[in-house]
Amino acid sequence: MSNCIFCRIIAGEIPCSKVYEDDLFLAFDDINPVAPVHVVVVPKKHIPTLMDVADDGLMQGLTDALRATARIKGIDNRGFKMVINCNKEGGQVIYHLHAHLIGGGTIDKNKI
Ligand code: 5GP
Ligand code: ZN
């Protein structure tokens, strides 16, 4: 979708700090981190919210991509949070499904 920020990042139209990529997923540093490690993991396919996921395999893939990203960032054993915000009252701002990988130290819990 041309008006979706994350689709534009996936298309290379908006730069990002890439952490992990495979055929179906991309992970990049959050522009406004709430902790020392804050990465956004997105499917390359545009899916607006968690409620729109129709393929069970997609969530497995998203989790696998996030775990790979945690290993790259060196927080897989230290620990982290995986957060998915859904719709307005869930705090979702970008309507392209994504999981936040948050860790690496103090987490600003007022922001998640
Ligand atoms: P949401 O609140 O929708 O779950 O989270 C959206 C996240 O995307 C926020 O943490 C925000 O900082 C991040 N974000 C928004 N625009 C950009 C951008 O252009 N680049 C990057 N790297 N992150 C972004
Ligand atoms: Zn999108």
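Residues numbered from 1 in each chain as written. Chains lettered and ligands numbered in written order. Predicted model: local features only at pLDDT ≥ 70, side-chain atom pairs only at ≥ 80, totals over all residues. Heavy atoms only, no water.

Chemist: Which parts of the structure should I look at to understand helix α2 (residues 56-73)?
Modeler: One turn of the α-helix equals 3.6 residues, which is why residues spaced by three or four share an orientation. With 18 residues, α2 extends 26 Å from end C-alpha to end C-alpha; this agrees with the ideal 26 Å at 1.5 Å per step. All buried positions along α2 are accounted for by Leu 58, Gly 61, Leu 62, Ala 65, Leu 66, Ala 68, Thr 69 and Ala 70. Sitting at the head of α2, Asp 55 places a side-chain oxygen 2.8 Å from the backbone nitrogen of Gly 57. Looking one or two residues past α2, Gly 74 carries a phi angle of roughly 75°, positive in sign. (Helix = DSSP H or I, 4+ residues; strand = E, 2+ residues; numbered from the N terminus. Expected span 1.5 Å × (residues − 1). Buried < 20%, exposed > 50% of the residue type's maximum accessible area, 1.4 Å probe, protein only. Polar contact = N/O pair within 3.5 Å; in protein donor to acceptor, adjacent residues only side chain to side chain.)

Chemist: Is there a simple way to think about the environment of Cys 4 in this case?
Modeler: Turning to its location among the elements, Cys 4 is positioned in the segment before α1 (5-10). When the C-alpha atoms of Cys 4 and Ala 68 are compared, they prove to be 25 Å apart, with 64 residues separating the residues in sequence. What Cys 4 contacts, discounting residues up to four positions off in sequence, is His 46 and His 96. (Contact = heavy atoms within 4.5 Å.)

Chemist: Teacher, can you tell me more about the coordination of the zinc ion (ligand 2) here?
Modeler: For a metal bound by four donors in a tetrahedral arrangement, the ideal donor-metal-donor angle is 109.5 degrees, while six donors in an octahedral arrangement ideally sit at 90 or 180 degrees. The coordination sphere of the zinc ion (ligand 2), as far as protein atoms go, consists of Cys 4 (SG), Cys 7 (SG), His 46 (ND1) and His 96 (ND1), spread over 2.0 to 2.3 Å. Classification of the site at the zinc ion (ligand 2) rests on its four donor atoms, whose angles at the metal span 105 to 117°, yielding the label tetrahedral. Written as a sequence motif, the donor residues of the zinc ion (ligand 2) are C-x2-C-x38-H-x49-H. Across the pair, exposure class does not vary: Cys 4 and Cys 7 are buried alike. (Donors = N, O, S within 2.8 Å, 3.2 Å for Na, K, Ca; no water. Tetrahedral: all angles 85-135°; square planar, octahedral: opposite > 155°, others 65-115°.)

Chemist: It is not clear to me how the state of the cysteines should be interpreted in this structure. Could you clarify?
Modeler: Note on terminology: a disulfide is the covalent bond linking the sulfur atoms of two cysteines. Under the counting rule described, the total for this entry stands at zero disulfides. Looking at Cys 86, it has no disulfide partner, and the nearest cysteine sulfur is the one in Cys 4, 15 Å off. (Disulfide = S-S within 2.5 Å.)

Chemist: Quick question: what am I supposed to make of the pairing of strand β3 (residues 37-43) here?
Modeler: The two faces of a sheet get side chains in turn, since along a regular strand they alternate between them. Most of β3 is tucked away: seven of the seven residues are buried. What you see with β3 is no split at all: Val 37, Val 39, Val 41 and Pro 43 on one side and His 38, Val 40 and Val 42 on the other are buried throughout. Strand direction decides the pairing type here: strand β2 (residues 25-29) and β3, joined by five bridges, are antiparallel. Each bridged residue has a counterpart across the sheet, and for Phe 28 the counterpart in β3 is Val 40. In the sheet, β3 pairs with strand β5 (residues 99-103) via five bridges, with the strands oriented antiparallel. Bridge assignment links Val 40 to a residue of β5, and that residue is His 100. (Pairing = 2+ DSSP bridges.)

Chemist: Looking at this model, I keep getting lost on the environment of Thr 69. Mind explaining?
Modeler: Relative to the elements of secondary structure, Thr 69 occurs in helix α2. Its relative accessible area of 0% is what places Thr 69 among the buried residues. Through-space distance from the C-alpha of Thr 69 to that of Glu 89 is 27 Å; in sequence the pair is 20 residues apart. The contact partners of Thr 69, leaving out residues within four places of it in the chain, are Val 19, Tyr 20, Ala 27, Val 39, Val 41 and Leu 101.

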